[in-house]
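# Reading the structure
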Amino acid sequence: MVETSLGSVRKPQAPPAATPPRRRGTGLRTGALLAAAAAVPVLALTWDTGGMRAWRTILVAVVVQGLPFLVLGTVVSAAIGAFVPARAFAALLPRNPALAVPVAGVAGAVLPGCECASVPVAGSLMRRGVAPAAALAFLLSAPAINPVVLVSTAIAFPDAPEMVFARLAASLGTALVMGWLWVAFGRPDWLRLPKGPAERGTGRNPLEEFRRGLQHDFLNAGGFLVLGSAAAATFNVLVPPSLLRTFSDSPWLGIPALAVLAVVLAVCSEADAFVAASLTGFSPTARLAFMVVGPMVDLKLIALQSGSFGRAFAGRFSTATFVVAVLASVLTGGILL
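Along each chain, the written sequence defines residue order, and numbers are assigned to residues from 1. Two thresholds apply to this predicted model, a pLDDT of at least 70 for residue-level local features and 80 or more for giving and counting side-chain atom pairs, whereas whole-chain, interface and lining totals are computed over all residues. Side-chain numbers here rest on the full set of heavy atoms in the structure, without hydrogens or water.

### A look at the nonpolar core
Basically, it comes down to this: What is meant by a nonpolar core is a set of buried Ala, Val, Leu, Ile, Met, Phe, Trp, Tyr and Cys residues, joined one to another through side-chain atoms within 4.5 Å. Relative accessibility thresholds used throughout: buried, under 20% of the residue-type maximum; exposed, over 50%; partly exposed, between the two (1.4 Å probe, protein chains only). To qualify as a helix, a DSSP run of H or I must reach at least 4 residues; to qualify as a strand, a run of E must reach at least 2; elements of each kind are numbered from the N terminus. The criterion used for residue contact is that any of the two residues' heavy atoms lie within 4.5 Å.
If you look at the biggest cluster of nonpolar residues, it comprises 64 residues, and the most contacted ones within it are Phe 290, Met 291 and Val 293. When residues of this core are assigned to their parent elements, the largest contribution, eleven residues, is made by helix 7 (residues 132-145). Leave out the neighbours within four places in its chain, and Phe 290 touches Leu 258, Leu 261, Ala 262, Leu 265, Asp 272, Val 275, Ala 276 and Leu 279. With six residues, the next largest nonpolar core counts Met 52, Val 63, Ala 230 and Ala 233 among its residues.

If you want it as structure tokens, here you go:
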């Protein structure tokens, strides 16, 4: 029985399997966004001062303007995740990220949507293995050079067809430069790769994958759209229009002034050409900067990027994109306008 006695001695147990770390703050952030999305309309309807009425009108206009394209983007994003195999992107895009950037940038011309649509699509591309530099080039070019945007620009500037070519060149140039800058200087820890819905890729029905992906991407981006729109509405109400007139007389001050205005107004890229055409007191190059910067850097887009890729990425990427877009507008405007 000695053997039995010895055998009864407790053996050291293997440490329990580590549970996968939970994403800290994910539920809290989602709850806060949904609460903000619900609270903003309630406050807007109950606080009936003159400034609040203007704020409410602008908020609803920006949200309604961007929501259809956000839905389009989430539908495309979910379809890519559910129905397009990862090997398809490997066949279409060069393996070298520097070569994939221009291919993805030009491919942005096929998505007829605003910047709200490009963020979830770019996130889906990254989840499918597309190099971040190529996905970011697509993110910037899609809302800026698609056919709807170029046609609206031609209609808004009927006597200046060169404005269409200037917008195409400056916008595409900015997207490509930003993609190449990411290849050269981007660091993986700057970008939080977007997560898809839980249990994706476990053999589920593709239609179920599509439904889950659509629900996940829309709920994740919808709250940030409302928050970005609220920020744009706040700036619109607080900044008096007379402030712009102090910059319109100077051709050099007018360019950064309209670039900042594009960030604040957050006008959809399909409509910003008509706003630019109405700013007749500014130079053509300044109005070009308004149309180039707006689809790539505005308050709702910064909010969407923060939700999808992290605040650290959004801060760095938006700042660099703003500088490159202004420089591209000045260079292109000096040559074509």
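After presenting the structure, the write-up continues.
### Brief notes about helix 7
To be explicit about the condition: The span one expects for a helix is its residue count, reduced by one, times 1.5 Å.
Between the first and last C-alpha of helix 7 there are 20 Å, a value that for 14 residues agrees with the 20 Å anticipated at 1.5 Å per step. The buried fraction of helix 7 amounts to 13 of the 14 residues, a majority that puts the element mostly inside the structure.

### Looking at the confidence of the model for the protein
The line we're drawing: Residue-level confidence of the predictor, termed pLDDT, takes values from 0 up to 100.
The predicted model of the protein has a mean per-residue pLDDT of 78, with 72% of residues at 70 or higher. Between the elements of the protein, mean pLDDT differs from a low of 42, seen in helix 1 (residues 2-7), to a high of 96, seen in helix 9 (residues 162-185). Between residues 1-28, whose pLDDT stays under 50, and residues either more than four places distant or in other chains, the model counts three contacts.

### Here we look at the packing of aromatic side chains
Spelled out, the test is: In this scheme Phe, Tyr and Trp rings, the latter by its six-membered ring, pair at centre separations within 6.5 Å, and the angle between planes marks the pair as stacked below 30 degrees, edge-to-face above 60, and tilted otherwise.
Under the counting rule described, the total for this entry stands at four aromatic pairs. When the centroid spacing of 4.9 Å and the interplanar angle of 15° are considered together, the rings of Phe 313 and Phe 317 count as stacked. Of this pair, Phe 313 and Phe 317 both sit in helix 16 (residues 311-336), four residues apart, which is roughly one turn of that helix. For the pair shown, Phe 313 and Phe 317 are each scored as buried. Pairwise contacts between aromatic rings join Trp 182, Trp 190, Phe 309, Phe 313 and Phe 317 into one cluster.

### Considering the environment of Arg 192
Going by this rule: Pairs of N or O atoms are called polar contacts if they sit within 3.5 Å, as long as, within protein, a hydrogen donor faces a hydrogen acceptor (for residues adjacent in sequence, only side-chain-to-side-chain pairs).
Checked against the element boundaries, Arg 192 lands in the loop between helix 9 and helix 10 (206-238). Separated by 121 residues in sequence, Arg 192 and Phe 313 have C-alpha atoms that sit 7.6 Å apart. Among the polar contacts made by the side chain of Arg 192, one reaches the main-chain carbonyl oxygen of Gly 307 at a distance of 2.7 Å.

### Observations concerning the packing of helix 7 against helix 9
Inclusion rule: Here an axis means a line fitted to C-alpha atoms, over the contact stretch when the element is a helix, while the angle between two N-to-C directions is reported on a 0 to 180 degree scale. When describing relative orientation, an angle under 35 degrees is termed roughly parallel and one over 145 degrees roughly antiparallel, while 65 to 115 degrees is termed roughly perpendicular and anything else oblique. Crossing handedness is read from the near helix: turned anticlockwise from the far helix by less than a right angle, it gives a left-handed crossing, and turned clockwise, a right-handed one. Each residue receives one of three labels: charged for Asp, Glu, Lys and Arg, nonpolar for Ala, Val, Leu, Ile, Met, Phe, Trp, Tyr, Cys and Pro, and polar for the others, Gly being one of them.
Interhelical geometry of helix 7 versus helix 9 gives an angle of 165° and a closest axis separation of 8 Å. Between helix 7 and helix 9, the angle is such that the two are roughly antiparallel. The way helix 7 lies across helix 9 gives a crossing that is right-handed. Contact with helix 7, carried on its side by Pro 132, Ala 133, Leu 136, Ala 137, Leu 140, Ser 141, Ala 144 and Ile 145, involves Arg 167, Leu 168, Ser 171, Leu 172, Ala 175, Met 178, Gly 179, Trp 182 and Val 183 of helix 9 and no other residues of that element. Grouping the constituent residues of the contact of helix 7 with helix 9 by class yields 13 nonpolar, three polar and one charged.

### Notes on the pattern of salt bridges
Short version of the rule: A pairing counts as a salt bridge when a side-chain nitrogen of Lys or Arg comes within 4 Å of a carboxyl oxygen of Asp or Glu.
Inspection of every chain in the model, using the stated rule, returns four salt bridges. Residue Asp 272 is joined to Arg 167 by a salt bridge in which the shortest nitrogen-to-oxygen separation is 2.9 Å. Taken together, the residues Asp 272 in helix 13 (residues 272-278) and Arg 167 in helix 9 connect sequence positions 105 residues apart. Look at Asp 272 and you get buried, because its relative accessible area is 2%. When the shortest N-O distance is used, the salt bridge between Arg 211 and Glu 208 registers 2.7 Å. Here the residue Arg 211 and the residue Glu 208 both occupy positions in helix 10, the gap between them amounting to three residues, near one helical turn. Among the residues examined, Glu 208 registers a relative accessible area of 24% and is labelled partly exposed.

### A word on the side chain of Ser 318
Examined against the element boundaries, Ser 318 turns out to sit in helix 16. Since its relative accessible area comes to 7%, Ser 318 is described here as buried. Of the polar contacts made by the side chain of Ser 318, one reaches the backbone oxygen of Ala 314; its length is 2.8 Å. If we ignore the near neighbours within four places in the chain, the residues touching Ser 318 are Val 297, Ile 302, Gln 305 and Phe 313.

### Comments concerning the side chain of Arg 167
The exposure class assigned to Arg 167 is buried, which follows from its relative accessible area of 0%. Leaving out residues up to four positions away in the same chain, Arg 167 has contacts with Ala 144, Val 149, Thr 153, Ser 269, Asp 272, Ala 273, Leu 288, Met 291 and Pro 295.

### Looking at the packing of helix 12 (residues 251-265) against helix 14 (residues 284-293)
Two numbers describe how helix 12 lies on helix 14: the axes approach to 8 Å, and their chain directions differ by 30°. Considering the angle they form, helix 12 stands roughly parallel to helix 14. Here the hand of the crossing between helix 12 and helix 14 comes out right-handed. Mapping the contact onto sequence places Gly 254, Ile 255, Leu 258, Ala 259, Leu 261, Ala 262, Val 263 and Leu 265 in helix 12 and Thr 285, Ala 286, Arg 287, Ala 289, Phe 290 and Val 293 in helix 14. Of the residues that constitute the contact of helix 12 with helix 14, the class distribution is eleven nonpolar, two polar and one charged.

### Regarding the environment of Leu 172
Here Leu 172 shows up in helix 9. Leu 172 sits 153 residues away from Ala 325 along the chain, and the two C-alpha atoms are 9.8 Å apart. Not counting the four nearest positions on each side in its chain, Leu 172 is found in contact with Gly 105, Val 106 and Ile 145.

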